[in-house]
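Notes for the structure review
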Amino acid sequence: MDRTCKYAGCAVALLAGVALAEVHYGTDFQSGAGPEWSHRLVETAPLNDQRFLGQFADSDVSLSLPTVRAGERVNLSFDFLAIRTWDGNDGGGGPGPDIFTVSVANGPILLASTFSVGDPLSRHRMSYPAVAGVESHPSRTGAIENNSLGYTYGPNNVPLDATWRLTFNFLAPTDGLEIHFAALGLQDIMDESWGLDNVSVSTSTVPTPGSMALALTGFGLLLRRRVR
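When you go through the chain residue by residue, the secondary structure sums to 2 helices and 15 strands. A burial count over the chain gives 43% of its 228 residues as buried. Of the contacts formed within the chain by residues at least 6 apart in sequence, a portion of 67% connects residues at least 24 apart. Summed over its atoms, the accessible surface of the chain is roughly 11,500 Å², and 56% of this surface lies on carbon and sulfur atoms.

Have a look at this one:
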């Protein structure tokens, strides 16, 4: 390929606002949880030996990443594990609402939805992917795995767990990122609990007008050299 075309591709990519993502954090908790977590409890699921952060009940768990800078576009993804009798919305036959939230310190609330792990044909309903109190969907709506962890409930040992893959994009509000994960309205931890797995945080930066102008100038000089 002609080198001019190669440089042209770079300039076009820069002008389009394309930037390489920088991975700040990623873990599947196989080796435990580090000091970046406010709670470092890691458990092994009974069925598939999957290790995850948890179990938690009505708890606020935070992840702190000092390397993220204000204004960077943050890409957050993780697996949310809802264990046992999450009841979803209020009035569905259980003591709901059972709410899971994700928020950024000094920044946006990314999620505040109810989740249900009951029979999809039962009266239990959940709001996800909408916010709590807005919509009503069958239990386990959007789950990527059902009863894969091996947790059970009651004298008949009914399998009850579900996993959702959640992804969010937002601008970092400050230097140093702090993400909060929390549950509200849950009963005893042996009745309703939750965990996290496969957490990934990366950032990308949109080129500034100055860097775009510099790219144009450099590309123009390159073309002049090629024409001579």
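Read on for the rest.
With that settled, the discussion passes to the environment of A132. Along the chain, the position of A132 falls in the loop between β8 (125–126) and β9 (137–138). When the C-alpha positions of A132 and F115 are compared, they lie 9.1 Å apart, and in sequence the two are 17 residues distant. If near-sequence neighbours (up to four positions away) are discounted, A132 is found in contact with I99, A112, S113, T114 and S127.

Looking now at the nonpolar core. Counting residues in hydrophobic clusters, the biggest one holds 43 residues, and the most contacted among them are W37, F78, F100 and W194. If you list the elements that add at least two residues to this core, you get β3 (51–56), β4 (60–65), β5 (73–84), β6 (99–104), β7 (109–114), β13 (161–171), β14 (177–184) and β15 (192–204). Judged by nonpolar contacts, the second largest core, of 6 residues, contains F52, L81, I83 and Y151.

Okay, the packing of aromatic side chains next. Going through the model one piece at a time under the given rule, you end up with 16 aromatic pairs. Taking 6.3 Å as the distance between ring centres and 65 degrees as the angle between the ring planes, the aromatic pair formed by Y25 and W37 counts as edge-to-face. On the criterion of sequence distance, the pair formed by Y25 in strand β1 (residues 22–27) and W37 in the loop between β1 and β2 (42–44) is long-range, its members being 12 residues apart. Assessed through its relative accessible area of 11%, Y25 is described here as buried. Where F52 meets Y151, the ring centres are 6.4 Å apart and the plane angle is 80 degrees; that geometry is what we call edge-to-face. In this pair, F52 is assigned in strand β3 and Y151 in the loop between β10 (145–146) and β11 (152–153), connecting sequence segments 99 residues apart. For F52, a relative accessible area of 0% translates into the label buried.

Cis peptide bonds are those with omega within 30 degrees of zero, and the linkage from G54 to Q55 qualifies with 0 degrees. Tracing the chain through its elements places Q55 in strand β3. Cis geometry marks the peptide bond from Y128 to P129; its omega dihedral reads 15 degrees. Tracing the backbone through its elements, the reader meets P129 in the loop between β8 and β9.

To continue, consider the pairing of β3. Taken across its 6 residues, β3 has 5 buried, putting it largely inside the fold. Taking the residues between adjacent antiparallel strands as the criterion, β2 and β3 are bridged by 6 residues, where D49 takes a positive phi near 60 degrees. Bridge analysis of β3 against β15 gives 3 bridges, and the strand direction is antiparallel. Bridge pairing in β15 links F56 to W194.

Our next topic: the environment of Y153. Looking at the secondary structure, you find Y153 in strand β11. Each C-alpha atom, one on Y153 and one on I83, is 9.5 Å from the other, the two residues being 70 residues apart in sequence. Among all residues touching Y153, those that are not within four sequence positions of it are R84, T85, V158, L160, M190 and D191.

Our focus in this paragraph is the confidence of the model for the chain. When pLDDT is averaged across the chain, the result is 86; 80% of the residues are at 70 or more. A low-confidence stretch, residues 1–17 stays under pLDDT 50, and its non-local contacts, those more than four residues away or across chains, total 17 contacts.

In this section: the pattern of salt bridges. Opposite charge on two side chains makes pairing possible when the charged atoms of those side chains draw close. All told, the structure shown has 1 salt bridge when counted by the stated rule. Across the pair D79 and R165 runs a salt bridge, and its minimum N-O distance is 2.1 Å. One end of the pair, D79, is in strand β5; the other, R165, is in strand β13, and 86 residues separate them in sequence. Of the residues examined, D79 reaches a relative accessible area of 4% and is grouped as buried.

Cut-offs applied
- Residues numbered from 1 in each chain as written.
- Predicted model: local features only at pLDDT ≥ 70, side-chain atom pairs only at ≥ 80, totals over all residues.
- Heavy atoms only, no water.
- Helix = DSSP H or I, 4+ residues; strand = E, 2+ residues; numbered from the N terminus.
- Buried < 20%, exposed > 50% of the residue type's maximum accessible area, 1.4 Å probe, protein only.
- Contact = heavy atoms within 4.5 Å.
- Areas by Shrake-Rupley, 256 points an atom, 1.4 Å probe, with all protein chains shown as cover.
- Core = buried A, V, L, I, M, F, W, Y, C linked by side-chain atoms within 4.5 Å.
- Phe/Tyr/Trp six-rings, centres within 6.5 Å; stacked < 30°, edge-to-face > 60°.
- Pairing = 2+ DSSP bridges.
- pLDDT = per-residue confidence, 0-100.
- Salt bridge = Lys/Arg side-chain N within 4 Å of Asp/Glu carboxyl O.

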